[in-house]
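# An overview of the molecular structure
Below are the chains, spelled out letter by letter.
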Amino acid sequence: MSEAIRPGFRIVILGGGTAGWMAANLLAARWPQADISVVEATDIGIIGVGEGSTPQLKAFFDGLGVAETDWMPACNATYKNGISFHGWSDRPGHSSYFHPFPAPIDVHTSPAFFFHSHYRRHGYDLNADPDRFFLSAWLARHGKAPIPAENFPFEMAYGYHFDAYRVGAFLRDHARTLGVGHIEARIAAAVLAETGDIAALKADDGREIAGDFFIDSSGFRSALLQETLKVKFRSFADNLFNDAAIVMPTPPDPARTNSHTRATAMKHGWAWDIPLTNRSGNGYVYASRYVTADEAETELRAHLGLLDSDVEARRLTMRVGRVEAPWRRNCLAVGLSQGFIEPLEATALHLVQATVEGFMTAFEKGGATNAEERAFNAEINARFEGVRDYIVCHYRANLRGDTAYWRDNAANDALSDSLRRILACWFSRGDMKREIADQGVAKYYSLTSWLCLLGGYGNYPRADGLAPPPPELRRFEMAKIDDFIRRCAYNFRDHKSVLAAMTAG
Ligand SMILES: Cc1cc2nc3c(=O)[nH]c(=O)nc-3n(C[C@H](O)[C@H](O)[C@H](O)COP(=O)(O)OP(=O)(O)OC[C@H]3O[C@@H](n4cnc5c(N)ncnc54)[C@H](O)[C@@H]3O)c2cc1C
């Protein structure tokens, strides 16, 4: 128990979406002496999307001591080996690729992948297709769960798919067991102390909810950090064009056993397909300056084979960017109120967790001192930008060109210095391993991720006229890699049967 937090220290969380309840659980588990409450207006409701995660969510539940058998069936959750990308490149042989989560077992195959990827860029005919080098790509292709037999000596890295409403409810109930209070109120304003700190939240029925520290998880509105404390928002619109989404869940297809997310390029954005146990989550993330909502909905319906169906579609707008500082005075913004980097790669909840954990560590070190606040804000901002750059690369490196949307993305030069250098290194056949290490960006996305993306698209400096590799470059045999992965795969069961066994208890 940290002594930096005095008993009864009042933390008020505005917002009962996934971010608010995740924050409540993390804070209550680490600071049990604090007096924590979540305030939410159920009539405003939550955004109710956000159904895919990174492996960080496993660490979140493990840290709370909540077993998969407890939360997954309650949230209609499935396993996620990674993401398969379809149609982001027109280059022959590159219509799709799989992006795995880096796992310990990759140590056996990634040296070959790195080597082939490097010399493929130098124009040698070596196989650098990411789908061939990673066990999780095989598991996804064959509908397996990433849970190995007991005697398998490696842990896999995996994320989840889940129903956002159910996860919210599950986390609310769990937070209550940790002593978190729940107040239903619609907040009309914040009351400021003379110092400029927030003293209380004022509900529209006149109630005042006082606190020592406030978490703003009020969603895109950012009622405390941006509206009250006037912290500025930095838009990413110049390099991430998407600003809207159509959401359209469909009944599950019993024939499908997907243990991964599918991200399919559309005319003006991309569509997600997220398998839950009770339905499929579908949506189209698009840029409203290229297509109207009606046209986007029609395109999504056609993509899903639902042109004549009356399945309801929900339309959302997104504000893509980040606040200048997530922690200002006695307020921390967590979740959409803090920023959002569009849903590709499903990083939002990962950032929620990193933000709350980083904040707690900073606060324990120095309380609300300026130095800790500054260092924390710089670290989170760098994380947002590191993640953003990898997402931007999906668009910048696309090889489609069928619409103005894709052509403009490919031509867009509003890139960070970091991304500019990574792309320059790739196209000049430089040492990507050293570039990623020198920049210190592997903590956001690893070398594997960058090589999967650029190689997965087939966006090589030299696309044809490949030379046969000389003997010294024939260090790795693809047949051996295939065999290794196939033999590892014997240790994994079908996704469906693993989920069914979990539900059966
Ligand atoms: C199209 C789309 C797809 C996404 N996909 C993913 C994904 O795959 N993976 C991922 O990690 N993330 C994804 N996200 C992001 C994810 O949805 C959010 O990060 C997550 O749901 C957390 O939202 P939140 O809790 O910050 O906000 P919200 O869910 O909007 O919650 C806001 C809360 O604040 C309350 N509130 C607001 N104003 C007041 C007030 N005045 N008084 C009282 N209460 C108030 C509301 O009632 C609500 O409880 C996606 C987002 C979008 C838009």
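As shown above, the structure is provided for reference.
## With respect to the sheet that holds strand β10 (residues 198-203)
Sheet architecture is open: 3 strands sit in the order β9-β10-β11, paired in antiparallel fashion. Bordering the open sheet on either side are β9 (187-192) and β11 (208-210), each of which pairs with just one other strand. Taken pair by pair, the neighbouring strands of this sheet meet at an average axis angle of 25 degrees, ignoring direction. In terms of strand pairing, β9 meets β10 through 5 bridges, oriented antiparallel. By the bridge assignment for β10, Ala 189 is matched with Lys 202.

## Looking at unusual backbone geometry
The phi angle at Arg 329 is positive, at roughly 50 degrees, despite the residue not being glycine. Along the chain, the position of Arg 329 falls in the loop between β20 (327-328) and β21 (331-333). We classify Arg 329 as partly exposed; its relative accessible area is 37%. One non-glycine residue with positive phi stands out, namely Arg 429, at about 65 degrees.

## Regarding the pairing of strand β16 (residues 269-275)
Most of β16 sits out of view: 7 of its 7 residues are buried. Relative to β16, strand β15 (residues 261-265) runs antiparallel, the two being bridged by 4 bridges. Bridge assignment links Arg 262 to a residue of β16, and that residue is Asp 273. Hairpin connection from β15 to β16: 3 residues lie between these consecutive antiparallel strands. Taken together, the 7 bridges between β16 and strand β17 (residues 280-286) define a ladder with antiparallel strand orientation. When the sheet's bridge partners are listed, Trp 272 is paired in β17 with Gly 283. Between β16 and β17, which pair antiparallel in sequence order, lie 4 residues.

## Observations concerning the nonpolar core
Considering soluble globular proteins, one finds that nonpolar side chains tend to be buried as a cluster. By size, the foremost hydrophobic cluster in this structure holds 129 residues, and its most contacted members are Ile 11, Leu 27, Trp 71, Leu 135 and Phe 359. Residue contributions to this core peak at 9 residues, all from helix α10 (residues 370-396). Structurally, this core is a two-domain feature, drawing no fewer than three residues from each of domain 1 (10-51 + 163-235 + 322-370) and domain 2 (244-317). Beyond its immediate sequence surroundings of up to four residues, Leu 135 is in contact with Ile 105, Phe 152, Met 156, Ile 485, Cys 488, Ala 489 and Phe 492. Among the nonpolar cores identified, the runner-up in size contains 18 residues, and Leu 14, Ile 187, Ala 203 and Phe 214 belong to it.

## Here we look at the environment of Gly 211
One can find Gly 211 in the loop between β11 and β12 (213-216). We classify Gly 211 as buried; its relative accessible area is 8%. For the pair formed by Gly 211 and Asn 330, sequence separation is 119 residues and the distance between their alpha carbons is 9.4 Å. Other than its neighbours up to four places away in sequence, Gly 211 contacts Arg 10, Val 12, Ile 198 and Ala 199.

## What to know about the site of the ligand
Surrounding the ligand, one finds 33 residues, the nearest of these being Gly 16, Val 49, Gly 52, Ile 187 and Leu 336. Interatomic distance of 3.4 Å between a backbone N/O atom of Thr 18 and an oxygen atom of the ligand. If the ligand stood free it would expose 1000 Å²; the protein chains cover 96% of that surface. Of all the secondary-structure elements, those providing two or more residues to the shell around the ligand are α1 (18-30) and α9 (348-366). Residues that form the shell around the ligand fall into these classes: 18 nonpolar, 11 polar and 4 charged.

## Examining the packing of α10 against helix α12 (residues 417-427)
One way to put it is that α10 packs onto α12 with a least axis distance of 10 Å and a crossing angle of 50 degrees. Regarding the angle of α10 to α12, the classification is oblique. Handedness of the crossing formed by α10 with α12: right-handed. Where α10 approaches α12, its residues Asp 389, Val 392, Cys 393 and Arg 396 are matched on the opposing element by Ser 418, Leu 419 and Leu 423.

Rules behind the numbers
Note that residues are indexed from 1 along each chain, following the sequence as it is written. Given that the model is predicted, a residue must reach a pLDDT of at least 70 before its local features are reported, and side-chain atom pairs must reach 80 or more before they are shown or counted; all residues, however, enter totals for whole chains, interfaces and linings. Calculation of side-chain values draws on the structure's entire complement of heavy atoms; hydrogens and water are dropped beforehand. Note on pairing: two strands pair once DSSP finds at least 2 bridges between them. By definition, any uninterrupted DSSP run of H or I lasting at least four residues is a helix, any uninterrupted run of E lasting at least two residues is a strand, and each is numbered from the N terminus. Where helices are involved, their axes are fitted lines through C-alpha atoms of the stretch in contact, as for all axes, and angles between N-to-C directions lie from 0 to 180°. To sort residues, take the accessible area from a 1.4 Å probe on protein chains only and compare it with the maximum for the residue type: under 20% means buried, over 50% means exposed, and anything in between is partly exposed. Note on terminology: a nonpolar core comprises buried Ala, Val, Leu, Ile, Met, Phe, Trp, Tyr and Cys residues joined through side-chain atoms within 4.5 Å. Where a domain begins and ends is set by an automatic assignment or by a domain database. We call two residues in contact when some of their heavy atoms are within 4.5 Å. Consider each residue's heavy atoms; a residue with any of them within 4 Å of a molecule or strand counts as near. Within 3.5 Å is the distance limit for a polar contact, defined as a pair of N or O atoms, with the added protein rule that one can donate a hydrogen and the other accept it, and that residues adjacent in sequence qualify only through two side-chain atoms. Note on areas: Shrake-Rupley with a 1.4 Å probe; residue coverage comes only from the protein chains shown. Each residue gets one label: Ala, Val, Leu, Ile, Met, Phe, Trp, Tyr, Cys and Pro are nonpolar, Asp, Glu, Lys and Arg are charged, and the others, such as Gly, are polar. Any angle that is under 35 degrees is reported as roughly parallel, and any over 145 degrees as roughly antiparallel; angles of 65 to 115 degrees are reported as roughly perpendicular and all others as oblique. Take the far helix as the reference: if the near one is turned anticlockwise from it by less than a right angle, the crossing is left-handed, and if turned clockwise, right-handed.

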